[in-house]
Amino acid sequence: MSEVIHGISIGIERNGEHFYLGLKAVGSLSHDDYRRMTPVLESALSGIEDPEIYALADITELKGISLHAAWDDLKLGLRHGKEFKKVAIVGKGDLQQWMARVVNWFTPGEFKFFEDKEKALDWLS
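The structure displayed is predicted, hence computed values, not measured ones.

1. Observations regarding the overall build of the chain
Secondary structure assignment for the chain yields 4 helices and 5 strands. Listing each helix as α and each strand as β along the chain from the N terminus yields β-β-α-β-α-β-α-β-α. Taking 2.2 N^0.38 as the reference for a compact globule, 125 residues should give roughly 14 Å; the C-alpha atoms of the chain span a radius of gyration of 14 Å, in line with that estimate. The principal-axis extents of the C-alpha atoms in the chain amount to approximately 45 × 30 × 25 Å. By the burial criterion, 37% of the 125 residues in the chain qualify as buried. In the chain, the proportion of contacts linking residues at least 24 apart, taken out of those at least 6 apart, comes to 73%. Just so you have it, the chain exposes about 7900 Å², and 55% of that area is on carbon and sulfur atoms. For the chain, the centre of its 15 positive side-chain charges and the centre of its 20 negative side-chain charges are spaced 2 Å apart.

Conventions adopted
- Residues numbered from 1 in each chain as written.
- Predicted model: local features only at pLDDT ≥ 70, side-chain atom pairs only at ≥ 80, totals over all residues.
- Heavy atoms only, no water.
- Helix = DSSP H or I, 4+ residues; strand = E, 2+ residues; numbered from the N terminus.
- Rg over C-alpha atoms; globule rule 2.2 N^0.38 Å.
- Buried < 20%, exposed > 50% of the residue type's maximum accessible area, 1.4 Å probe, protein only.
- Contact = heavy atoms within 4.5 Å.
- Areas by Shrake-Rupley, 256 points an atom, 1.4 Å probe, with all protein chains shown as cover.
- Lys, Arg positive; Asp, Glu negative; His and termini not counted.
- Charge placed at Lys NZ, Arg CZ, Asp CG, Glu CD.

Note that every value here comes from positions in space, so none of it alone points to a role or purpose.
Take a look at the structure:
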């Protein structure tokens, strides 16, 4: 019996005063995935005054997201949205590109969709 892999992996690096956050979403995300990921992100940001986050979000392996997980994502975005300065979203297809545009409506940072990871990294730097 094979298990279906799903979840969010997080990598955090710092370059001077800027954070570089790497996110990779795999499979169909659930509320439980956000319940486990949110404390990791919160811990990384705690104690830092006025963080400015630059992020690369890889959603090329994202298959879907539950309604509860979408709500969790929106709450997380509202809580930390002003801290995200630039977010490059790497995905594929019109639906993922549309989802990236919707995210951009709810956050003050600059979000941009790419199908090429190298172009996304160039835009972030």
